[in-house]
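Next come the chains, spelled out residue by residue.
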Amino acid sequence: MGTPTKSDKTTGGTSPVRIPAHIFGSMFSACIGGGMLLCLLIALNSHYDGVIRTHCKNWQFWPSVSSCIGDYWPEKSIWRVAIGLGSGPRLVTVFLNYNTLKEAFGSEKALRTKAVYLIDWARVLAAGGWTYISSSEDNDIHSLFFVIYVLGSFAYSILYTPLFYEARIKRAAVKDSAEYQRFVMSYRLKLACCLIQIGCVPFLAYTHVLHNEYCTPGAYSFYAIFEWILSAANIFYDHTFYFDYQGVFWTLFTSTGKQE
């Protein structure tokens with residue numbers, strides 16, 4: 001199994017195979033964000049009337065995320081491939097983030113660190129659940145996984161963001177380095193994404209009621225817009241891991257040489 005390590009030099013033997021750890025964040029966001037955008041474009045071009053149709057049968061103009069990625073082919077297959085390709089890099093960041101908190105806090109915040117780790121695992125697995133079990137196949141199971149994913153994403157960003165701040169910024173030994181400035185930027189982006197997600201909640205709740213209880217024309221579309229904003233913020237939050245692991249390498253094989 002790979003191990004995250006700082007950059008070093010190896011002499012006198014075969015060098016280990018090392019992958020820059022920061023690329024896992026960008027690989028995940030590229031797969032998921034690119035897959036979601038491609039599904040949206042295909043849905044708007046090929047299935048527009050279908051993806052904006054609701055039980056109210058009234059005027060709408062914009063589709064929801066779930067209708068774009070789960071109602072029609074080839075969008076459904078594209079999204080499943082995107083999730084499959086992105087799941088590997090995302091699971092690597094689960095381990096990297098847990099390792100970062102564990103090294104920073106040790107037993108001091110062990111309970112919160114493990115809680116964040118388990119929540120991160122839960123939301124990754126739940127994303128696979130509601131992706132590969134569509135609402136048309138089993139709506140109850142699909143909805144359960146989706147609720148776990150949404151609640152897990154909120155809980156994770158709310159819990160991990162302050163822990164990241166304390167581990168990487170508040171406890172930093174050197175506060176004028178390029179690495180420190182990168183951590184500050186990453187924290188600000190995480191905080192912004194977290195606040196955007198929280199800010200979307202009342203608008204999602206309000207437009208959901210307008211659509212489902214009163215069938216207000218356009219309410220579903222405005223709900224969908226805030227759903228897309230929340231999804232984008234969620235994806236970009238995970239993309240910030242790209243900034244957190246510059247200079248860290250994922251070592252796949254150990255070296256027999258001598259380290260200097």
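These remarks concern the structure in this document. This one's a predicted model, so the numbers in the text were calculated from it and none came from an experiment.

Reading the values: the criteria
The numbers attached to residues start from 1 for each chain and follow its sequence in the written order. At least 70 in pLDDT is required for a residue's local features to be given in this predicted model, at least 80 for side-chain atom pairs to be given and counted, and no such filter applies to totals for whole chains, interfaces and linings, which use all residues. Excluding hydrogens and water, the side-chain figures rest on all heavy atoms present in the structure. When the sulfur atoms of two cysteines come within 2.5 Å, that pair is taken as a disulfide. Secondary structure elements are taken from DSSP: a helix is a run of H or I of four residues or more, a strand is a run of E of two residues or more, and numbering for both begins at the N terminus. Only protein chains enter the accessibility calculation, which uses a 1.4 Å probe; a residue is then buried when its area is under 20% of its type maximum, exposed when over 50%, and partly exposed in between. Note on definitions: the grid is 1 Å and covers protein atoms alone; a cavity is a set of points where a 1.4 Å probe fits but cannot get out; a pocket is an open set with protein on both sides within 12 Å along at least five of seven lines; lining residues have an atom within 4 Å of a point. Grid points are joined across faces, edges and corners, and a volume is the space filled by probe spheres set on the points. Exposure above 30% relative accessible area and the absence of a salt bridge qualify a residue for a patch, where like charges join within 9 Å and nonpolar side chains (Val, Leu, Ile, Met, Phe, Trp, Tyr) within 5 Å. Using a 1.4 Å probe, the Shrake-Rupley method yields the accessible areas, and only the shown protein chains count as cover for residues. Salt bridges are counted wherever a side-chain nitrogen of Lys or Arg sits within 4 Å of a carboxyl oxygen of Asp or Glu. Each axis is a line fitted through C-alpha atoms, taken for helices only over the stretch in contact, and angles between the N-to-C directions span 0 to 180 degrees. An angle below 35 degrees is read as roughly parallel, one above 145 as roughly antiparallel, one from 65 to 115 as roughly perpendicular, and any other as oblique. Crossing handedness follows the turn of the near helix against the far one: under a right angle anticlockwise gives a left-handed crossing, and clockwise gives a right-handed one. Here, two residues are considered to be in contact whenever any of their heavy atoms come within 4.5 Å of each other. For this classification, Asp, Glu, Lys and Arg are treated as charged, while Ala, Val, Leu, Ile, Met, Phe, Trp, Tyr, Cys and Pro are nonpolar and the rest, including Gly, are polar. Definition of nonpolar core: a set of buried residues of the types Ala, Val, Leu, Ile, Met, Phe, Trp, Tyr and Cys, connected through side-chain atoms within 4.5 Å.

**Structural notes on the state of the cysteines**
One pass over the structure, following the stated rule, counts one disulfide. Shown here is the disulfide that connects Cys 56 with Cys 215, its sulfur atoms set 2.1 Å apart. When the S-S torsion is -75°, as for the bridge of Cys 56 with Cys 215, the disulfide is left-handed. One end of the pair, Cys 56, is in the loop between helix H2 (48-51) and helix H3 (65-70); the other, Cys 215, is in the loop between helix H7 (178-214) and helix H8 (219-239), and 159 residues separate them in sequence. Take Cys 56: its relative accessible area is 15%, and that puts it in the buried class. Note on Cys 215: relative accessible area 30%, which makes it partly exposed. This cysteine, Cys 68, is not joined by any disulfide, and Cys 39 carries the nearest cysteine sulfur, 7.7 Å off. You can see Cys 200 has no disulfide; the closest cysteine sulfur is in Cys 193, sitting 11 Å from it.

**Here's the deal with empty space enclosed by the protein**
Inspection of every chain in the model, using the stated rule, returns two cavities of 30 Å³ or more. What the largest cavity holds in volume is close to 50 Å³. In terms of lining, the largest cavity is formed by Val 94, Asn 97, Tyr 98, Leu 101, Thr 113, Val 116, Tyr 117, Asp 120, Tyr 156 and Tyr 160. Of all the secondary-structure elements, those providing two or more residues to the lining of the largest cavity are helix H4 (75-105), helix H5 (110-132) and helix H6 (139-170).

**Some remarks on unusual backbone geometry**
Across the junction of Trp 73 and Pro 74, the peptide omega takes the value 10°, indicating a cis bond. Along the polypeptide, Pro 74 turns up in the loop between H3 and H4. Even without glycine at this site, Lys 57 takes up a positive phi of about 55°. With respect to the element layout, Lys 57 can be found in the loop between H2 and H3. Its relative accessible area of 74% is what places Lys 57 among the exposed residues. Backbone geometry places Cys 215, a non-glycine residue, at a positive phi of 50°.

**Overview of a nonpolar patch on the surface**
Nonpolar side chains collect at one region of the surface, where Ile 158, Leu 191, Leu 195 and Ile 198 lie side by side and expose about 330 Å² of accessible area between them. Element by element, the count of residues in the nonpolar patch is highest for H7, at three residues. Its place among the elements puts Ile 198 in helix H7. Given the relative accessible area of 38%, Ile 198 is considered partly exposed.

**As for the pattern of salt bridges**
Per the counting criterion, the structure on display carries eight salt bridges. With its nearest N and O atoms 3.0 Å apart, the salt bridge here joins Glu 166 to Arg 171. Overall, Glu 166 belongs to the buried group, its relative accessible area being 16%. For Arg 171, a relative accessible area of 36% translates into the label partly exposed. Through salt bridges with shared partners, a single network forms among Arg 90, Asp 120, Arg 123 and Asp 238.

**Remarks on the side chain of Arg 90**
Tracing the backbone shows Arg 90 in helix H4. In this structure Arg 90 comes out as buried when scored by relative accessible area, which is 3%.

**Some thoughts on the packing of helix H1 (residues 23-46) against H8**
Across the interface, H1 lies against H8 with an axial gap of 8 Å and an inter-helix angle of 160°. As the angle between them shows, H1 and H8 are arranged roughly antiparallel. As H1 packs across H8, the resulting crossing turns out to be left-handed. Residue-level inspection shows Gly 25, Ser 26, Phe 28, Ser 29, Ile 32, Gly 33, Met 36 and Leu 40 of H1 in contact with H8, the latter providing Trp 228, Ser 231, Ile 235, Asp 238 and His 239. Partitioned by chemical class, the residues of the contact of H1 with H8 number six nonpolar, six polar and one charged.

**With respect to the side chain of His 211**
When you line up the elements, His 211 lands in helix H7. What His 211 contacts, discounting residues up to four positions off in sequence, is Thr 54, His 55, Cys 56, Gln 60, Thr 216, Ala 219 and Tyr 220.

**Considerations on the nonpolar core**
Formed by 25 residues in total, the largest nonpolar core has its most connected members in Leu 101, Tyr 160 and Tyr 245. Contributing elements (two or more residues each) for this core: H4, H6, H7, H8 and strand S4 (248-251). Ranked by residue count, the leading element in this core is H6, at six residues. Apart from residues no more than four positions distant in its own chain, Tyr 245 is found in contact with Ala 21, His 22, Leu 96, Asn 97, Thr 100, Tyr 160 and Arg 168.

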